[in-house]
Amino acid sequence: MTEMSNPKSKIAVLGAGVIGLSTAVRIIQTLPGVSVTIIADKFSVETTSDGAAGICLPSAIGVPDQILRQWCKDSYDHYYSLAHSHQADEAGVFIISGYELFDRKPEKLPVRCQIHPYRECTEKEMQRYHGQYEYGLFVTTTLVQGRRYLPWLLNRFKSCGGRVESRTVASIEELTDHYDIVVNCAGLANIHLLGDKKLLPVRGQLIRVEAPWVKHFYHTNTHSYIIPTIDNVVLGTVDQTHNWNTDINKSDSDEIWQKCTAFLPSIQNAKVLWEWAGLRPVRKPLRLEREDMAFGNKTLTVIHNYGHGANGMALSWGTAVAATHLVEKALVDQRFQKTSKL
């Protein structure tokens, strides 16, 4: 049968942050006979993913443990394999160990502990924190440097024959006559695209410093962290719901600096490289589901994959795998419907 008589199914992926790029790559690598186009108005340094700290300590409020565990496993396996490949440096992915600290002992350990190697901190280790934190884990995980990883994903997508359109989508309806399936990874744009009232902007801010002596990460449940990356060390953060301002706030900078230097005094000697602020698309729970959207007498299948908040980098590949399964099922349904009409 010729390609003309059996045309490729057309899929559009909205958004070019780490969720959109991961999903587009997974689809084009996994599903034969599809044409995939990424449509976005922001790429690379314009996205939240570019500035994110990138530590993979995933969580997802409202997601059943069994599902979250699978997302964690798929993401960890992907990053672990990449970190041990010849592409690790180009992709900005590496293995990292460090301390995850809690101001009180959690009733149960995070689901990610079923995947990531860890041990409980010793009493001697906890004494370093002068009673500020009651419980700690020493964890081995992966770190993904967005400024390298996003271009790597985009190049991978293009090398597989993917197309890219740089434009703003005002309404999902405008895609109805052009694509068989739309995968919605548009993040905060869904406040306007869908009127999703569960989706909120949560502002974060961080400082990048030169501190090559910092070898382990320190991540607390009180919104403070110190994370060494390939090129620098990240200090963070703030957690400000409904704050749309992406300008650097000096008061926030001072607060981050004070907390991080109090925690690790040697940071006082670090050279500040740059600061960054961005908006996390937070939805509880994140949305990963199929919706057949009706527009007049036409229907468009949409796979939603957004609302990961601060866990975008950590869960991106796992939710990309899950979204691809939904796309595959939708394609089977569409082909069955076409066949049954013959």
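**Q** Could you clarify how one ought to interpret the pattern of salt bridges in this entry?
**A** Note that side chains of opposite charge can pair when their charged atoms are close. The final tally for this structure, using the stated rule, is 21 salt bridges. D231 serves as the salt-bridge partner of R148, at 2.9 Å between the closest nitrogen and oxygen. Of this pair, R148 sits in helix α6 (residues 146–159) while D231 sits in the loop between β10 (225–228) and β11 (233–236); the two residues are 83 residues apart in sequence, bridging distant segments of the chain. R148 sits in the partly exposed class, given a relative accessible area of 21%. Judged by relative accessible area, which is 46%, D231 ranks as partly exposed. In this structure, a network of salt bridges that share partners links the residues R163, E165, R167 and E174.

**Q** What am I meant to see in the packing of aromatic side chains here?
**A** Here a ring pair, both rings aromatic, is described through the centre-centre distance and the interplanar angle of the planes. Summed over the entire model, instances satisfying the criterion amount to nine aromatic pairs. Where Y218 meets F263, the ring centres are 5.3 Å apart and the plane angle is 65°; that geometry is what we call edge-to-face. A residue pair is termed long-range when its members are at least 10 positions apart, and Y218 in strand β9 (residues 217–220) and F263 in helix α8 (residues 250–263) qualify at 45 residues. Both residues of the pair, Y218 and F263, belong to the buried class. Aromatic rings pair up to connect Y99, Y129, Y133, F138, Y218 and F263 into one cluster.

**Q** Is there a simple way to explain helix α1 (residues 18–30) in this structure?
**A** Side chains that are three or four residues apart share a direction in an α-helix, a result of its 3.6 residues per turn. With 13 residues, α1 should reach 18 Å at 1.5 Å per residue; the first-to-last C-alpha distance of 18 Å fits that figure. Counting buried residues in α1 gives ten out of 13 residues, a clear majority hidden from the surface. Listed in full, the buried residues belonging to α1 are V18, I19, G20, L21, S22, T23, A24, V25, I27 and I28.

**Q** Honestly, the side chain of N305 in this entry has me stumped. Any pointers?
**A** Locating N305 in the fold gives a position in strand β14 (residues 298–308). Taking relative accessible area as the criterion, N305 reaches 0% and is therefore assigned buried. When sequence neighbours within four positions are dropped, the list of residues in contact with N305 reads I19, T23, N184, C185, R287, L288, T319, A320 and A323.

**Q** Any chance you could explain α6 here in plain terms?
**A** Along its 14 residues, α6 runs 19 Å from first to last C-alpha, staying within 8% of the 20 Å computed at 1.5 Å per residue. Residues of α6 that are buried: G146, Y149, L150, W152, L153, L154 and F157. Of the residues flanking the end of α6, it is G161, one or two places downstream, whose phi is positive at about 95°.

**Q** Can you walk me through the packing of α1 against α6 in this structure?
**A** Contact pair α1 / α6: the axes reach a minimum separation of 9 Å and the direction vectors enclose 30°. Of the possible angle classes, the one that applies to α1 and α6 is roughly parallel. In the packing of α1 onto α6, the handedness of the crossing is left-handed. On α6, the residues touching V18, L21, S22, A24, V25, I28 and Q29 of α1 are Y149, L150, L153, L154, R156 and F157. Its residues assigned to classes, the contact of α1 with α6 shows ten nonpolar, two polar and one charged.

**Q** Is there a simple way to think about the nonpolar core in this case?
**A** In a soluble, globular protein the nonpolar side chains are often hidden away together inside. Ranked by size, the top nonpolar core spans 53 residues in total, and within it I27, I38, Y149, V183 and V327 carry the most contacts. Secondary structure elements with two or more residues in this core: β1 (9–14), α1, β2 (34–40), α3 (65–83), α6, β7 (181–184), β13 (271–295) and α9 (312–340). The biggest single contributor to this core is α9, with ten residues. Those residues in contact with I27 that sit more than four places away from it in its chain are I11, V13, V34, V36, V183, T324 and V327. By size, the runner-up hydrophobic cluster in this structure holds 22 residues, among which are Y129, V209, V233 and A270.

What counts, and where the lines are drawn
- Residues numbered from 1 in each chain as written.
- Predicted model: local features only at pLDDT ≥ 70, side-chain atom pairs only at ≥ 80, totals over all residues.
- Heavy atoms only, no water.
- Salt bridge = Lys/Arg side-chain N within 4 Å of Asp/Glu carboxyl O.
- Helix = DSSP H or I, 4+ residues; strand = E, 2+ residues; numbered from the N terminus.
- Buried < 20%, exposed > 50% of the residue type's maximum accessible area, 1.4 Å probe, protein only.
- Phe/Tyr/Trp six-rings, centres within 6.5 Å; stacked < 30°, edge-to-face > 60°.
- Expected span 1.5 Å × (residues − 1).
- Contact = heavy atoms within 4.5 Å.
- Axes fitted to C-alpha atoms, helices over the stretch in contact; angles between N-to-C directions.
- Parallel < 35°, antiparallel > 145°, perpendicular 65-115°, else oblique.
- Left-handed = near helix turned anticlockwise from the far one by under 90°.
- Nonpolar A, V, L, I, M, F, W, Y, C, P; charged D, E, K, R; others polar.
- Core = buried A, V, L, I, M, F, W, Y, C linked by side-chain atoms within 4.5 Å.

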